[in-house]
Amino acid sequence: MRTRTPFTRTAVLVAASLLGAAGCAGNDSSGDDSAGAAAPRTVKPVAGCGAGSWTDPSDLAPGREPARCEKGAPAPRPLAKKRKIVLATGTLSAEYVAPLQVAVAKGEFAKEGLDVQLKVLPTPDALPLLAKGDVDAQWAAPEVAVMNGINGGFDIKWVAGNFSPDPTSKSGLWVRLKDGESAEHVDMAGRKLGTMIGKGSVIAYPMDTSLKKHGGGLDKISFQQLGSADVLTALQNGGVDSAWLLDPIWRKVDGDKKFAFLGGQPVGEPLGGLLFGPTLLNKDPDAGVAFLRAYIRTVNTYFAGDYKSDPAFVSELAELMKTDAATLRSTPSMRMDWEIREGTTDRVQKAYADSGVETGTPVPEEKAVDRAMYSEAVGHKP
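Values in this document were obtained by computation on a predicted structure and should not be read as measured data. (Residues numbered from 1 in each chain as written. Predicted model: local features only at pLDDT ≥ 70, side-chain atom pairs only at ≥ 80, totals over all residues. Heavy atoms only, no water.)

### Observations regarding the side chain of Ser171
Under the convention used in this document: Under the scheme used here, helices are H or I runs from DSSP no shorter than 4 residues and strands are E runs no shorter than 2 residues, and both carry numbers assigned from the N terminus. The classification of residues rests on relative accessible area computed with a 1.4 Å probe and restricted to protein chains. Under 20% of the type maximum is buried, over 50% is exposed, and intermediate values are partly exposed. Two N or O atoms form a polar contact when they lie within 3.5 Å of each other; inside protein one atom must be a possible hydrogen donor and the other a possible acceptor, and for residues adjacent in sequence the pair counts only when both atoms belong to side chains. In what follows, a contact means two residues having at least one pair of non-hydrogen atoms within 4.5 Å.
Among the structural elements, Ser171 can be located in the loop between strand E5 (163-164) and strand E6 (172-176). Here Ser171 falls in the buried class, since its relative accessible area comes to 18%. In terms of polar contacts, Ser171 uses its side chain to reach the backbone carbonyl oxygen of Leu245, at 3.3 Å. Dropping the residues within four chain positions of it, Ser171 is found in contact with Leu245, Leu246, Asp247, Trp250, Phe261, Gly264 and Gln265.

### A word on the environment of Asp59
Along the polypeptide, Asp59 turns up in the loop between helix H1 (6-26) and strand E1 (83-89). For Asp59, a relative accessible area of 29% gives the class partly exposed. Sequence separation between Asp59 and Glu269 is 210 residues, and the spatial gap between their C-alpha atoms is 9.4 Å. Once you skip the residues sitting within four places of it in the chain, Asp59 turns out to touch Arg64 and Arg341.

### Some points on the environment of Ala67
With respect to the secondary-structure elements, Ala67 resides in the loop between H1 and E1. In this structure, the C-alpha to C-alpha distance between Ala67 and Ser53, residues 14 residues apart in sequence, is 4.6 Å. If we ignore the near neighbours within four places in the chain, the residues touching Ala67 are Gly52, Ser53, Trp54, Thr55, Trp338 and Glu339.

### Focus on unusual backbone geometry
A cis amide bond links Ala73 to the next residue, Pro74, at an omega of -5°. Positionally, Pro74 belongs in the loop between H1 and E1. Cis geometry is found at the peptide bond from Asp247 to Pro248, where omega equals -10°. Examined against the element boundaries, Pro248 turns out to sit in the loop between strand E9 (242-245) and strand E10 (259-264). Non-glycine residue Lys322 carries a positive phi angle of around 60°. With respect to the element layout, Lys322 can be found in the loop between helix H9 (311-321) and helix H10 (325-329). What makes Lys322 exposed here is its relative accessible area of 76%.

### Description of the packing of aromatic side chains
Where we set the bar: Two rings belonging to Phe, Tyr or Trp (six-membered ring only in the last case) form a pair when the distance between their centres is within 6.5 Å. Interplanar angles under 30 degrees mark stacking, angles over 60 mark edge-to-face geometry, and anything in between is tilted.
Summed over all chains, the structure comprises 10 aromatic pairs. Here Tyr96 and Phe163 contribute two aromatic rings whose centre-to-centre distance is 5.9 Å and whose plane-to-plane angle is 15°, an arrangement assigned as stacked. Taken together, the residues span a long stretch of sequence, with Tyr96 in the loop between E1 and helix H2 (98-105) and Phe163 in strand E5 at a distance of 67 residues. Using a relative accessible area of 31% as the deciding quantity, one classes Tyr96 as partly exposed. On the basis of an interplanar angle of 70° and a centroid distance of 5.0 Å, the ring pair of Phe303 and Tyr307 is categorised as edge-to-face. Phe303 sits in the buried class, given a relative accessible area of 1%. Residue classification places Tyr307 among the buried positions, given a relative accessible area of 4%.

Coordinates in, geometry out; function isn't part of it.
Okay, structure coming up:
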């Protein structure tokens, strides 16, 4: 009999609450018929968004340039009636959330007729609300709880990406080296890994890939879940053998010969971003496209390249994120990327299966991913 880990129990509880939410939503008679199959939408060319505004989803090359429109594009197309949108996010202090904060601060959402409220909620708390329609969108990822929920029948889809790391970033798996080991020769089997993120996170996918290169794998190591302030300390003092270190924490061990970087998130492949629930997917897709238009315009205008080369903008970001500018400058700019790569949800679910936290059959990509709205926002016809 398999023993459930804390990560498994969390996924099961979230899935159960999501199914309950889905049941409540199914009994809600206040919706309209538009919640059924959506009619085909007209996609028109968009000024400032040419061939470079779309890349082939099957292109997984690390050197792939992310899609981009011209600065200020796609231009706003205000809704006929103002619309309030509540978006849940697990944090407002992480850099990958910055485009949303900038879009609010610079009025990009307002230009579309949207009043966007960013509400901080842990993913397990936000998912049932998204499934029921009490929040409209969520800045998260296709975590195991999301995939289990989709398997349970409710309407949530991943509709836009967030970022991929700069090739020089070392955010990812770090290990304390034993005598005779090097970054090229490490035996990870049987080691203890400290992380804020459980096996049910999308980070399980790149983590599993890095571990398998060194004789490990999610099924061959033990996990110790730690608070954000404790992961680095545990690695440094020997409380754990390895750790997943995020920006800019890895800077604390970079260059120290006692530690080695084994790998991080794949370059060029976003692993999270924007999830829409039934309201923006079906009941009000115009608002969904407007939201994506504002998000994409924000990326093109403020995050198109090395945005940290602008000291004034770094200062603005630091104020929005409630951090200091020096901390932001200590790591390279992220590659903000609204597109979703082909097969990402298949790969993350394989990692969930390897770690024993996914229940049921894998969710096909077409049930979990919708690229149509961001395609419409940039005028791309599939």
